[in-house]
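Residues per chain, in single letters:
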Amino acid sequence: MGSMCVLHASLTEYVLLFGSAIDTGGHSGRYWVDISDTIISGTFRQWKEGTTRSEIYYPGDTIAHPSGEATAVQWSAGTWMVEYGRGVIPSALLFSLADTVFSTQDLVTLFYTLRVYAKALLLEASAYFSHLAQ
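Here the residue numbering is sequential within each chain, running from 1 through the sequence in written order. Residue-level local features of this predicted model are given only where pLDDT is at least 70; pairs of side-chain atoms are given and counted only at 80 or more, and the full residue set underlies all totals for whole chains, interfaces and linings. Side-chain numbers here rest on the full set of heavy atoms in the structure, without hydrogens or water.

Quick question: what am I supposed to make of the pattern of salt bridges here?
It is possible for side chains of opposite charge to pair when their charged atoms get near one another. Think of a salt bridge as a Lys or Arg side-chain nitrogen and an Asp or Glu carboxyl oxygen that are within 4 Å of each other. Counted according to the given criterion, the structure contains two salt bridges. Among the ionic pairs, Arg86 bridges to Glu13, the shortest N-O distance being 3.5 Å. A residue pair is termed long-range when its members are at least 10 positions apart, and Arg86 in strand 9 (residues 79-87) and Glu13 in strand 2 (residues 13-20) qualify at 73 residues. Only protein chains enter the accessibility calculation, which uses a 1.4 Å probe; a residue whose area is less than 20% of its type maximum is buried, one above 50% is exposed, and one in between is partly exposed. On the basis of relative accessible area, Arg86 is assigned to the exposed category, the value being 52%. A run of H or I in DSSP counts as a helix once it spans at least four residues, and a run of E counts as a strand once it spans at least two, with each numbered from the N terminus.

See the structure below:
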């Protein structure tokens, strides 16, 4: 369970603030996107598949999540970070929103998330086409 604030989103990139006020964790997902997280506060624990030990990251650390890899993740209460993703962003939405659709069935959050992403895509498209018109 976490909260995010989208700062930029397009078909190939996104930048967001992500964090949680409570201890939380789960599966990172396996994306066609390269993701990096830079910790602002709190701690981030990651357990990579094929290993027997987890690693802990602290404020100032940046963690790389290469495309195609999956890990177990855990955040301590009060962990906040900047996340940057680059790749096929719509493919990441499938896993990211699966819990919202199939588990919590929180259709309000699903609507808000898709609306924010659609607005970001429209802003990106309008900037692109205004640049072409110049």
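Would you explain the layout of surface pockets in this entry?
Over the atoms, a rolling probe the size of a water molecule traces out where space has been left empty. Taken as a whole, the largest pocket encloses approximately 1400 Å³ of empty space. A pocket here means an open set of points on a 1 Å grid, computed over the protein atoms alone, that has protein on both sides within 12 Å along at least five of seven lines. A cavity is instead a set of points where a 1.4 Å probe fits but cannot get out; residues with an atom within 4 Å of a point line either one. Along the walls of the largest pocket sit 50 residues, with Met4, Phe18, Tyr31, Ser96 and Leu97 positioned nearest its centre. Per element, the largest residue contribution to the lining of the largest pocket is nine residues, and it comes from helix 1 (residues 89-104). When the residues that make up the lining of the largest pocket are grouped by side-chain class, the tally is 26 nonpolar, 17 polar and seven charged. Grid points are joined across faces, edges and corners, and a volume is the space filled by probe spheres set on the points. Ten residue types, Ala, Val, Leu, Ile, Met, Phe, Trp, Tyr, Cys and Pro, are classed as nonpolar, four, Asp, Glu, Lys and Arg, as charged, and the remainder, Gly among them, as polar.

Would you take a moment to explain the sheet that holds strand 4 (residues 33-41) for this structure?
The strands making up a sheet are joined through hydrogen bonds of the backbone, oriented either antiparallel or parallel. If DSSP finds at least two bridges between two strands, the strands pair. Spatially, 1-2-9-4-7 is the arrangement adopted by the five strands of the open sheet, whose pairing is antiparallel. The outermost strands of the open sheet, each flanked by one partner alone, are strand 1 (3-9) and strand 7 (62-65). Adjacent strand axes in the sheet meet at a mean angle of 20° when their direction is disregarded. Bridging between strand 1 and strand 2 involves six bridges; their strand directions are antiparallel. Bridge pairing in strand 2 links His8 to Val15. Axes here mean lines fitted to C-alpha atoms, for a helix over just the part in contact, with angles spanning 0 to 180 degrees between N-to-C directions.

Mind showing me how you'd approach the sheet that holds strand 3 (residues 24-27) here?
With antiparallel pairing, the four strands of this open sheet are ordered in space as 3-8-5-6. Across the chains shown, the open sheet's two edge strands, defined by having one partner strand only, are strand 3 and strand 6 (55-57). Averaged over neighbouring strand pairs, the angle between their axes works out to 20° when direction is ignored.

Just checking my understanding: could you explain the nonpolar core for this structure?
One recurring pattern in soluble globular proteins: nonpolar side chains tend to sit buried together. In terms of nonpolar packing, the biggest core is built from 18 residues, with Tyr14, Val33, Ile39, Phe44, Trp75 and Met81 touching the most fellow members. Those elements that provide at least two residues to this core are strand 2, strand 4, strand 8 (71-75), helix 1 and helix 2 (107-133). By definition in these notes, contact holds between two residues if any of their heavy atoms fall within 4.5 Å. Not counting residues up to four positions away in its chain, the partners in contact with Phe44 are Ile39, Glu55, Ile56, Tyr57, Ile63, His65, Val73, Gln74, Trp75 and Met81. What is meant by a nonpolar core is a set of buried Ala, Val, Leu, Ile, Met, Phe, Trp, Tyr and Cys residues, joined one to another through side-chain atoms within 4.5 Å.

I'm lost on the packing of helix 1 against helix 2 in this one. Help?
Helix-helix packing: each pair is described by the crossing angle between the helix axes and the interaxial distance. Where helix 1 meets helix 2, the closest approach of the two axes is 11 Å, and the angle between their N-to-C directions is 165°. Between helix 1 and helix 2, the angle is such that the two are roughly antiparallel. Read as a crossing pair, helix 1 and helix 2 show a hand that is right-handed. Within the contact between the two elements, helix 1 uses Ile89, Pro90, Leu93, Leu97, Thr100 and Val101 and helix 2 uses Leu110, Thr113, Leu114 and Tyr117. In these notes the angle categories are as follows: under 35 degrees is roughly parallel, over 145 is roughly antiparallel, 65 to 115 is roughly perpendicular, and the rest is oblique. Left-handed is the label given to a crossing in which the near helix is rotated counterclockwise from the far helix by less than a right angle, and right-handed is the label when the rotation is clockwise.

Help me understand the UniProt feature "signal peptide" (unreviewed entry) in the protein chain, please; the structure alone is not making it clear to me.
UniProt positions are given in the numbering used here, feature names are shortened, and annotations may be inferred rather than shown by experiment. Per the UniProt entry, the sites bearing "signal peptide" (unreviewed entry) are residues 1-21 in this numbering. Here residues 1-21 runs as 0% helix and 71% strand, with 9 Å between its end C-alpha atoms.

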